[in-house]
Amino acid sequence: MESNQANPSILCSPEGSQRTLYPYVTGTSVVALKYKDGILMAADMGGSYGSTLRYKSVERMKPIGKHSLLGASGEISDFQELLKYLDELVLYDNMWDDGNSLGPKEIHNYLTRVMYNRRNKFNPLWNSLVLGGVKNGEKYLGMVSMIGVNFEDNHVATGFGNHLARPILRDEWREDLSFEEGVKLLEKCMRVLLYRDRSAVNKLQIAKITGEGITISQPYSLKTFWGFSAFQNPTAGAEGSW
Amino acid sequence: MSKLAMDVPPKGGFSFDLCKRNAMLAKDGVQLPPFRKTGTTIVGLIYQDGVVLGADTRATEGPIVADKNCEKIHYLAPNIYCCGAGTAADTEAVTDMVSAQLQLHRYHTGRESRVVTALTYLKRHLFSYQGHVSAALVLGGVDFTGPHLHTIYPHGSTDTLPYATMGSGSLAAMAIFESKYKEGLTRDEGVQLVTEAICAGIFNDLGSGSNVDICVITKGSKEYLRNHLQPNPRTYVTPKEYTFSKKTEVLSTLVTTLKERVEVVEAGDKMEE
């Protein structure tokens, strides 16, 4: 009789193990750039559940070890899983107690392998990651996508940031930006994202990583301007349209 | 009783008669011919005296660049111009048609065309085709009520904006506008901002490229600056001329004039009817 059998479709079917099919709670873009003393990274604190802005205090940037900073967009639970893996990795490295520590290049490589292998098993970690760090005076900024595409560049962005922030960065980034100039440039990008990305929240953090260490700022908001006179009565000439 | 064949008056809107046949053909493996799209960056902005429109000049057919220097800013009226993105044939045809309708309207009313008139003609046409006429337009002009800038989407909805971008490069161009637009721009600042926005589209979007076209419209005048900026010139042109191998030698020349073979008779017979 079939009375005591558990539902067979989940346990015995070939797709018994469940895999990530679509993301649920997502974070939007992360933007980062290299500046004179290290790396600057910015991300807002929103976690959207589909089209609702459900969580507004999600920290999407975390320090890894002594030398690196990881920012993630995409599924938040997969980001938390990655932090667990990285925690084990850093702990294992510390236990050697040999004076060496994992630098950003090594962490970037590890993340690439993890993401690519998960994608090959058709069970991806649904994230786009930005990894920045400074070790022995060398600045490093790289990106890994959810299918394992990885590269290194002077400025990176994930998600919508690719379309809206990278054109600005390609135009205005230069070597040897000072801290204030870098923050101003990042804020410019985040402001455009706030205007034009529907899943952006006006509560962001900016993180700085230099040879001295890692600081993640307190959350703050950007000033926006909505007072163009053309927005006041836009359809004065064309009744019935927007 | 004989069947009366009634002439049903043609109804407006899209005729879906051929859709079933197209679906059947697609099932049998017949591919629709590819259409040439203008994967594009088009922008417009209002400055203190009028409107500046800008466009790139690349027309693509899938992954190939079909036309390196096409014109995407179309004439509608002496004081109204329209940039078009989407299917090239659709934008050309729809702007040509509305331009003719506007001229007839000008003769009928005896007045300069208004931008909202062009807007209404375009949106009514596009809506009646339910988005199948794939034309996304940035319409700008100056009439006696002032400068106007509108965007029109393929399904027929419109927006009225101080600055607007459309096409595949619209996000790159909008990023520039959102970070640098302010009110009360002068003509040179407006042209500079539009050029920067189109260049952002040209260099960051694969569907846009080649040169920048600009059109400045003010009360009573317009300037169409075709290829205002050419940031993608041919980088290598061979300095030597092409050399051809030695031609056949001419040994001798003999010229014979043609004789006249027609004799014109003064008083000929009349042609028989």
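Here the structure is shown first, and the text comes after it.
Numbering of residues starts from 1 in every chain and runs along the sequence as written. A letter from A marks each chain and a number from 1 marks each ligand, given out in the order of writing. The predicted nature of this model means local features are confined to residues of pLDDT at least 70 and side-chain atom pairs, given and counted, to a pLDDT of 80 or more, with totals for whole chains, interfaces and linings taken over all residues. Hydrogens and water molecules were not included; the side-chain quantities draw on all heavy atoms of the structure.

Chemist: If you had to explain the overall build of chain B to someone new, which residues and values would you point to?
Modeler: Helix and strand definitions follow DSSP, with helices as H or I runs of at least four residues and strands as E runs of at least two, each counted in order from the N terminus. In terms of helices and strands, chain B carries five helices and 13 strands. Just to be clear, the radius of gyration here is over C-alpha atoms, and the globule rule we use is 2.2 Å times residues to the power 0.38. Taking 19 Å as the expected radius of gyration for a compact globule of 273 residues, we find that chain B reaches 27 Å, considerably beyond that expectation. Each principal axis of the C-alpha atoms in chain B carries an extent, and together these give about 85 × 75 × 55 Å. When a residue's accessible area, from a 1.4 Å probe over protein chains only, is under 20% of the maximum for its type it is buried; when over 50% it is exposed; and in between it is partly exposed. In chain B, buried positions account for 42% of the 273 residues. For chain B, the proportion of contacts with a sequence separation of at least 24, taken over those separated by at least 6, is 61%. Charge convention: Lys and Arg are scored as positive, Asp and Glu as negative, and His as well as the terminal groups of each chain are ignored. By convention, charge coordinates are those of NZ in Lys, CZ in Arg, CG in Asp, or CD in Glu. Side chains of chain B carry 28 positive and 30 negative charges; the gap between the two charge centres is 5 Å. Every residue pair with non-hydrogen atoms within 4.5 Å of one another is taken to be in contact.

Chemist: Before we move on, could you go through the overall build of chain A and cite the residues and values that matter?
Modeler: Within chain A, the secondary structure is distributed over five helices and 13 strands. Judged by the C-alpha coordinates and their principal axes, chain A covers about 75 × 60 × 30 Å. Put simply, chain A has 242 residues, and 44% of those count as buried. The Shrake-Rupley method, run with a 1.4 Å probe, gives the accessible areas here. Residue values count only the displayed protein chains as cover. Per element, the accessible surface of chain A, about 13,300 Å² overall, is 50% carbon and sulfur. If you average the places of the 27 positive and of the 27 negative side-chain charges in chain A, the two averages end up 4 Å apart.

Chemist: Which residues make up the interface of chain B and chain A, and what values go with them?
Modeler: Counting from both sides, the interface comprises 25 residues of chain B and, opposite them, 23 residues of chain A. Summed over both partners, the accessible area (1.4 Å probe) lost when two parts come together is defined as the buried area. Between chain B and chain A, a total of about 1,900 Å² is buried, with carbon and sulfur atoms accounting for 63% of that surface. Here a salt bridge means any side-chain nitrogen of Lys or Arg lying within 4 Å of a carboxyl oxygen belonging to Asp or Glu. On inspection of chain B and its partner chain A, the count reaches two salt bridges. Taking the shortest distance from any N to any O, the salt bridge between A:E172 and B:K180 comes out at 3.6 Å.

Chemist: So, the state of the cysteines: which residues are in play, and what are the values?
Modeler: Residues and elements named next belong to chain B. Defined by distance alone, a disulfide is two cysteine sulfur atoms within 2.5 Å. Overall, the coordinates contain zero disulfides over all chains when judged by the stated rule. With no disulfide of its own, C70 has C83 as its nearest cysteine by sulfur position, at a separation of 12 Å. The exposure class of C70 is buried, given its relative accessible area of 11%. The thiol of C215 is not disulfide-bonded; the next cysteine sulfur, from C83, is found 7.8 Å away. According to the relative accessible area criterion, C215 is buried, its value standing at 0%.

Chemist: Before we move on, could you go through the packing of helix α2 (residues 76-96) of chain A against helix α3 (residues 104-120) of chain A and cite the residues and values that matter?
Modeler: Residues and elements named next belong to chain A. At a minimum axis separation of 12 Å, α2 and α3 run at an interaxial angle of 130°. Taken together, the axes of α2 and α3 are oblique relative to one another. The chirality of how α2 crosses α3 is right-handed. On the side of α2, the interface is formed by E81, L82, Y85, L86 and L89, while α3 contributes I107, Y110, L111, V114, M115 and R118. For the contact of α2 with α3, the residue count by class is nine nonpolar, no polar and two charged. The convention used is that axes are lines fitted to C-alpha atoms, helices contributing only their stretch in contact, and that angles between N-to-C directions extend from 0 to 180 degrees. By the definition adopted for this analysis, an angle is roughly parallel if under 35 degrees, roughly antiparallel if over 145, roughly perpendicular if from 65 to 115, and oblique otherwise. Take the far helix as the reference: if the near one is turned anticlockwise from it by less than a right angle, the crossing is left-handed, and if turned clockwise, right-handed. Residues are grouped as follows: Ala, Val, Leu, Ile, Met, Phe, Trp, Tyr, Cys and Pro are nonpolar; Asp, Glu, Lys and Arg are charged; every other residue, Gly included, is polar.

Chemist: Explain the sheet that holds strand β13 (residues 221-229) of chain B residue by residue, including any values.
Modeler: Residue and element names in this part refer to chain B. Taken in spatial order, the five strands make up an open sheet running β11-β2-β3-β12-β13, and their pairing is antiparallel. Of all strands in the sheet, those with a lone pairing partner are β11 (163-166) and β13, marking the two edges. Pairs of neighbouring strands in the sheet enclose a mean axial angle of 10°, with direction left out of account. Sheet topology places strand β2 (residues 42-46) next to β11; four bridges connect them, and they run antiparallel. Should DSSP find at least two bridges between two strands, the strands are regarded as paired.

Chemist: Can you lay out the environment of B:M174 for me, pointing to particular residues and giving the numbers?
Modeler: Relative to the elements of secondary structure, B:M174 occurs in helix α4 (residues 170-180). The buried category is assigned to B:M174, whose relative accessible area is 6%. When sequence neighbours within four positions are dropped, the list of residues in contact with B:M174 reads A:R196, B:Y163, B:A164 and B:T165.

Chemist: Residue-level account of the pattern of salt bridges, with values.
Modeler: Residues and elements named next belong to chain A. Tallied over the entire structure, the rule returns 17 salt bridges over all chains. The partner of K34 in a salt bridge is E152, and the shortest N-O contact between them spans 3.8 Å. Of the two residues, K34 is situated in strand β2 (residues 30-34) and E152 in strand β10 (residues 150-152); the sequence distance between them amounts to 118 residues. Here K34 falls in the buried class, since its relative accessible area comes to 12%. The partner of K135 in a salt bridge is E106, and the shortest N-O contact between them spans 4.0 Å.

Chemist: Which residues make up a nonpolar patch on the surface, and what values go with them?
Modeler: Together, A:L21, A:Y22, A:Y24 and A:Y49 make up a nonpolar patch on the protein surface, roughly 470 Å² of accessible area in all. Topologically, A:Y22 is positioned in the loop between α1 (8-11) and β1 (25-27). Patch definition: residues above 30% relative accessible area lacking any salt bridge, with like charges linked at up to 9 Å and the nonpolar side chains Val, Leu, Ile, Met, Phe, Trp and Tyr linked at up to 5 Å.

Chemist: I'd like a rundown of the packing of aromatic side chains, residues and numbers included.
Modeler: Working definition: rings of Phe, Tyr and Trp (its six-membered ring) pair if their centres are within 6.5 Å, and the pair is stacked with planes under 30 degrees apart, edge-to-face with planes over 60 apart, and tilted otherwise. What the rule picks out here adds up to twelve aromatic pairs over all chains. The interplanar angle of 85° and the centroid separation of 5.8 Å between the aromatic rings of A:F228 and B:Y163 together place this pair among those described as edge-to-face. Placement of A:F228 in the segment after β13 (213-216) and of B:Y163 in strand β11 is noted, with the two residues assigned to different chains. By relative accessible area, A:F228 is classed as buried at 6%.

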